[in-house]
Amino acid sequence: MSANGYSADEMMAVEASRRLTNDSVCFVGIGLPSLAANLARRTHAPGCVLVYESGTIGAKPEHLPLSIGDGELAETADAVVSVPEMFSYWLQGGRIGVGFLGAAQIDRRGNLNSTVIGDYDRPNVRLPGGGGAPEIATSVENVFVMLRHSVRSFVPELDFTTSVGDNVRVVVTDLGILEPRDGELELTAVHQGVDADDVLNSTGWELRLADDVR
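Cut-off values and rules
Residues numbered from 1 in each chain as written. Predicted model: local features only at pLDDT ≥ 70, side-chain atom pairs only at ≥ 80, totals over all residues. Heavy atoms only, no water. Pairing = 2+ DSSP bridges. Helix = DSSP H or I, 4+ residues; strand = E, 2+ residues; numbered from the N terminus. Contact = heavy atoms within 4.5 Å. Axes fitted to C-alpha atoms, helices over the stretch in contact; angles between N-to-C directions. Buried < 20%, exposed > 50% of the residue type's maximum accessible area, 1.4 Å probe, protein only. Arc of directions from axis to C-beta. Lys, Arg positive; Asp, Glu negative; His and termini not counted. Salt bridge = Lys/Arg side-chain N within 4 Å of Asp/Glu carboxyl O. Polar contact = N/O pair within 3.5 Å; in protein donor to acceptor, adjacent residues only side chain to side chain.

Undergrad: Describe in detail the sheet that holds strand E12 (residues 176-181), supporting the description with residues and values.
TA: The pairing of strands in a sheet comes from backbone hydrogen bonds and takes either a parallel or an antiparallel form. The mixed open sheet is built from ten strands, whose spatial order is E4-E3-E2-E1-E5-E10-E11-E12-E13-E14. Each end of this open sheet is capped by a strand with a single partner; those strands are strand E4 (79-80) and strand E14 (208-209). Pairing between strand E13 (residues 184-190) and E14: two bridges, direction parallel. Its bridge partner being in E14, Glu186 is matched across the sheet by Arg208. Each of strand E1 (25-28), strand E2 (49-52), strand E5 (98-101) and strand E10 (142-146) touches helix H2 (residues 32-42); the most contacted strand, E2, lies at about 155° to it.

Undergrad: If you had to explain helix H4 (residues 83-91) to someone new, which residues and values would you point to?
TA: Every α-helix carries 3.6 residues per turn, so stepping three or four residues along brings you back to the same face. Turning to H4, its buried residues are Met86, Phe87 and Leu91. Axial view of H4: buried residues confined to an arc of 85°, hence all on one face. Check the buried side of H4 and you find it contacts E1, E2, strand E3 (56-57) and helix H5 (133-139).

Undergrad: I'd like a rundown of the pairing of E13, residues and numbers included.
TA: Across the seven residues of E13, six count as buried, placing the element largely inside the fold. Relative to E13, E12 runs antiparallel, the two being bridged by six bridges. Residue pairing in the sheet places Pro180 in a bridge with Leu185 of E13. Here E12 folds back onto E13 in antiparallel fashion, the turn holding two residues, of which Asp182 has a positive phi close to 55°.

Undergrad: Can you lay out the side chain of Glu179 for me, pointing to particular residues and giving the numbers?
TA: Here Glu179 shows up in strand E12. In this structure Glu179 is buried but unpaired, with Arg214 as the nearest side chain of opposite charge at 4.4 Å. Only 2.8 Å separates the side chain of Glu179 from the side chain of Thr188, close enough to count as a polar contact.

Undergrad: Go over helix H1 (residues 8-17) with me, naming the residues and quoting the values.
TA: Listing the buried residues of H1 in full gives Met11, Met12, Ala13, Glu15, Ala16 and Ser17. In this fold, the buried residues of H1 make contact with H2, E5, E10, strand E11 (168-172) and E12.

Undergrad: Outline the pairing of E11, supporting the account with residue identities and numerical values.
TA: With respect to burial, E11 is a largely interior element, four of its five residues being buried. In the sheet, E10 pairs with E11 via four bridges, with the strands oriented parallel. Paired with Phe144 across the bridge in E11 is Val170. Examined bridge by bridge, E11 and E12 share two bridges and lie antiparallel to one another. The residue bridging Val172 from the neighbouring strand is Ile177, located in E12.

So yeah, pure geometry; function would need other evidence.
If you want it as structure tokens, here you go:
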């Protein structure tokens, strides 16, 4: 909890929500992405269209959904389509502009690992896997990444590349904001009570600092 009374998760959700507009069509996951998207919809971006992986388009839940199968998503949606149609027509067809992703590891170019920690054949930890993440990473124009900042997650080299970072536009962490410049992430802002050195010490590579870190 910060000095102003907000939790790290709440700060991350607020920062991500500010980047959604009234015209955004976003592919939303459960957890922080859902919190950020619904915050935007309930405040400055009421026209923001929320699309959940279960096939609900234009969902308007009154309460944060517990899973992508939460009945309120279907009850409040403008349309419900099959998962194959969701991916092949809506996502891969380029009809969704913003996608949220998380991961266990991220590198300096925004590539993500949600598959294994360690060697693929004999991993130390086997993670949930890619799911729809590779399609999201390549099919939406703007990828927003949300994850906790530590040297374990911000690594110089991924143990496995699940999703490429070509379309990553912002990385929101519990310490600050990273954005790509010339193909590499750099620190552009820190949260209240956080110093740039805190972020540098929590990153596994020599992180670039923007000239105007906010």
